[in-house]
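Structure at a glance
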Amino acid sequence: MLLAGVAQGCVYALVALGFVLIYKATETVNFAQGDLMMLGGFFALTSSVILGWPYWATILFAVVAMAAVGMLIERLVLRPVLGQPAFTVVMITIGVGYVLRGVVTMIPGWGTETYTLPTPFSEGTFKVGEVIFAVQQLAVIGMTAALVAALYVFFRFSKLGVAMQATSQNQLAAAYMGIPVRRVNMMIWGLSAGVAAFAGILLAPVTFVHSNMGFIGLKAFPAAVVGGFGSVPGAIVGGLIIGLVEAFAGRYMPEGFKDVAAYVVVLVVLMFKPSGIFGETARKKV
Amino acid sequence: MRFLFKTGYAQDLRLFKHGGQVFWYGLLVALLLAAPFAVGEYGMSQLHFILIYSIVGLGLMLLVGFTGQISLGHAAFLAVGAYTEALLQARGLPFFVSLPVAALLSGALGWVLGLPALRLKGTYLAIATLAFNIIVEEVTARWEGLTGGNSGLHLKPIEMFGIDFGGDASFYYLCLALTVLSILALMNLLRSPTGRAFVAIRDSEISASCMGVNLATYKTMSFALSAAFTGIAGALYAHKVSFISPEQFTLLQSIELITIVILGGVGFIHGAVLGAAFVIVLPQLISIAKDYLPSNIAGSGLQAVVFGLVLIGFIIFEPLGLYGRWLKVRTWFELFPFYRRGMFRRQKSYMKSERLK
Amino acid sequence: MSFFKVDNLGIRFGGVVAVDKVSFEVKRGECYTIIGPNGAGKTTIFNLIGLLYPATSGRIFLEDRELTGFSPHQVADLGIARTFQNIELFEHATVLQNLLIGRHRHRKTSLWQELIFTGATRRAELAQREAVEKVIDFLDLAKVRDSLVAGLPYGVRKVVELGRALATEPKLLLLDEPSSGLNPEETDDMAFWIEDIKRHLGVTVLMVEHDMNLVSRVSDRVLALNLGSAIAEGTPAEVQAHPAVIEAYLGKAA
């Protein structure tokens, strides 16, 4: 059960990671992150079921396709409101979420039905001593760890990664240093959407693929908030906390508590640490 | 273009600035009063919803447009208003008692939600209110002893002073009266110190507190008042639909409510009413359009797509909303032929971070 | 009884000591100026007086009443008003509304009276308006009274901010770099107004300023800061001639 919590937490963490990437760069929260994940799930479905590609090609296809979608969204919708207040951007991403959810139902072969995405690590379980491990859950945990490691290397060592970090610290200064801020923002959206696609694929065996699976993004908010929006490790820790809290609430609390446990945790955390556990304290200079 | 010559300070306190406004708003009220004689049953029903949503819009405008806070949880207040009304009516209390109680209870809950808002800004506040909405929704679904859980509650039509408000026209007049009262209350607030304190908080919290505005008091007050407006609307809503259940008060409902102020025009009282009308009429237009579209497009997703596109379109192209559009059109005619394209343009800016470096 | 006193005030941000054991006293009716190079901690002192930052050490007294333990809005209630270095006006409100918000601490009506706009509310509003019009006359703001702040030029906004602080009818007025960003004529006007505020309105002024012409013209006494510590105090001429001040601005002679 602990493992189930961790695996679920990893998925939350991945969606939360998408939030954090965009937040760090542009100080806006993408309320459509869950819907990007849903779209990623559908892309994966297309390549694996309809085109019959192998699992690894499916992941690659979905991630690349979603990165393109993410960049497109940034270019078309978010760039015009660059520099507007948080509220404006929140609402515009909510609008994007609506459009994505609606569009998916209109595409032939996708529609409003629910699909299963086949994975190479299906139903197997194995035992080590007294503990039962589900292969599926281990795979989710392993793949999350791999992605996080890759992102770490990217941000730490690649030129683009460093540019992205600079942009997130101070857009104006980054622009003065010759970093094409707008293009970097676009890349970050692409990256974030790619991560969302990855999360979608990992989540697919648990929730199946359907046009409303994006609502799980709502569960990732608590994860991102608990960890602090500006913090990458925070997203991972926050995701794990929320996953575990849910798993334990489902086990030990009265029925129905599982669904709200995450939100109760969020309100409590925000009461005491208004910018999350790993968040920076904000103070306006006068 | 009209020039006003001011001869006394009291003139600036008037609700109607000049005779023209008295005439046009008088005409509007007359038309609204005459509506039940000219509009059919279906139209009346739409008008009910528009008025009810207008009250929510006014509450949200107070919070979002004038105090600069965010709420993605107003459906929760609508729920509190609706359930209070349903439960009190079932216990035999008259409407003129249950309505204020509904407003008060919602207001109290709004005050509670205002407490975390003291320390939260922007996105974090949005998420706190969102979490609050989901918790309230879950509580109404699980507290079966009180709310009937997912099987919901039924309401009887309002009866007060021997008049039956179940009829289309009588219920319409009730909604209209409450809407007009809400508008007046909001306008009064905005020309007094409380309203100015709200605006001060919206524009600069730091400066507001240096001018003696107690941020804690006024932020919670704004949440409470906004919730109270929404509670009143909730009570009316409960009677309008006559059956309430938790699915009517979800996060999606909250988002629909907040789009009222965005589409109408953030920061304008007119915007609340225009936005409400738009949000009610849009689905009707979509369902008409569906008859002319191929079946795979005209499915359940169409409404979401149109809704999302309208929202995006307004934020990018008309951030001042419907009322802003009207102002531009009016200015164009007033200044003809001297209107310049850039008159209402926003300044392009880089992100201003308030994070301490 | 001392009018306004700062005793041993200090704050550190992490390891950085921004203000270190600064003490000074302002007499009723004078204009007291704090000068110092960039980063000397001048604005930080203002933020400490306004209780926007929690002081690490020290105490602040207005008319022998200690400010510690109050919240920022209560500081305004006690009669301390301030302006900001980079202008913090209510951008989407008119000049008149901005000044009326300055009247907030003189509010007499309750929420319920305002919701139905009773006669008492109307009378209170008219009284507030009269008080604000006096400030508008004083600072010659009549022609921008109904303009939105967002559209006004920088110099005018600076005056509006001064007006907003005056509308609170303060005992002590804190001016954070009143001349920054102003052209010579505007600076001249500002000097004239500060003298008038001191002389005719009887308001005590505590100011942070760089422009030494303005400082010499209006200040009675000057405190020089460097790296968070006080280095000299006296009349403008004395402080300008003080070796430690010259060293702080120009560096040590080789």
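The rules behind the values
- Residues numbered from 1 in each chain as written.
- Chains lettered and ligands numbered in written order.
- Predicted model: local features only at pLDDT ≥ 70, side-chain atom pairs only at ≥ 80, totals over all residues.
- Heavy atoms only, no water.
- Pairing = 2+ DSSP bridges.
- Helix = DSSP H or I, 4+ residues; strand = E, 2+ residues; numbered from the N terminus.
- Expected span 1.5 Å × (residues − 1).
- Buried < 20%, exposed > 50% of the residue type's maximum accessible area, 1.4 Å probe, protein only.
- pLDDT = per-residue confidence, 0-100.
- Polar contact = N/O pair within 3.5 Å; in protein donor to acceptor, adjacent residues only side chain to side chain.
- Domains from an automatic or database assignment.
- Contact = heavy atoms within 4.5 Å.
- Buried area = accessible area lost by both parts, 1.4 Å probe.
- Salt bridge = Lys/Arg side-chain N within 4 Å of Asp/Glu carboxyl O.

With that settled, consider the sheet that holds strand β5 (residues 65-66) of chain C. Residue and element names in this part refer to chain C. The strand order β2-β1-β4-β5 describes an open sheet built from four strands, whose pairing is antiparallel. In the strand order of this sheet, the two ends are held by β2 (16-26) and β5, each with one partner. Bridge count for strand β1 (residues 4-13) against strand β4 (residues 57-62) is five bridges, and the pairing is antiparallel. Residue pairing in the sheet places K5 in a bridge with F61 of β4.

Looking now at helix α4 (residues 86-106) of chain A. Counted at 1.5 Å a residue, the expected span for α4 of chain A with its 21 residues is 30 Å, and the 31 Å between its end C-alpha atoms agrees. With 19 of its 21 residues buried, α4 of chain A lies for the most part within the structure.

Averaged over every residue, the pLDDT of chain C is 87; residues scoring 70 or more account for 99%. Note on the complex model: pTM 0.87, ipTM 0.88.

All names here are of chain C. By the secondary structure assignment, R82 is in strand β6 (residues 80-82). A relative accessible area of 3% means that R82 is categorised as buried. A distance of 2.7 Å separates a polar atom in the side chain of R82 from a polar atom in the side chain of N47.

Let's shift gears to the pairing of strand β10 (residues 229-234) of chain C. Residues and elements named next belong to chain C. One ladder, built from five bridges, connects strand β9 (residues 221-226) with β10; its direction is antiparallel. When the bridges of β10 are listed, V222 appears paired with G234. Between β9 and β10, which pair antiparallel and follow one another directly, the connecting turn spans two residues, one of which, L227, has a positive phi of 45 degrees.

Residue and element names in this part refer to chain C. Parsing chain C into structural domains produces domain 1 (1-79 + 173-254) and domain 2 (81-169). One C-alpha centre belongs to domain 1, the other to domain 2; they are set 25 Å apart. The interface of domain 1 with domain 2 comprises 22 residues on the first partner and 15 residues on the second. Regarding the contact of domain 1 and domain 2, the summed buried area is about 1700 Å², with carbon and sulfur atoms giving 63% of it. For the domain 1 face of the interface with domain 2, the top three residues by lost area are L173, D176 and W193, together amounting to 29%. One can count one salt bridge joining domain 1 with domain 2.

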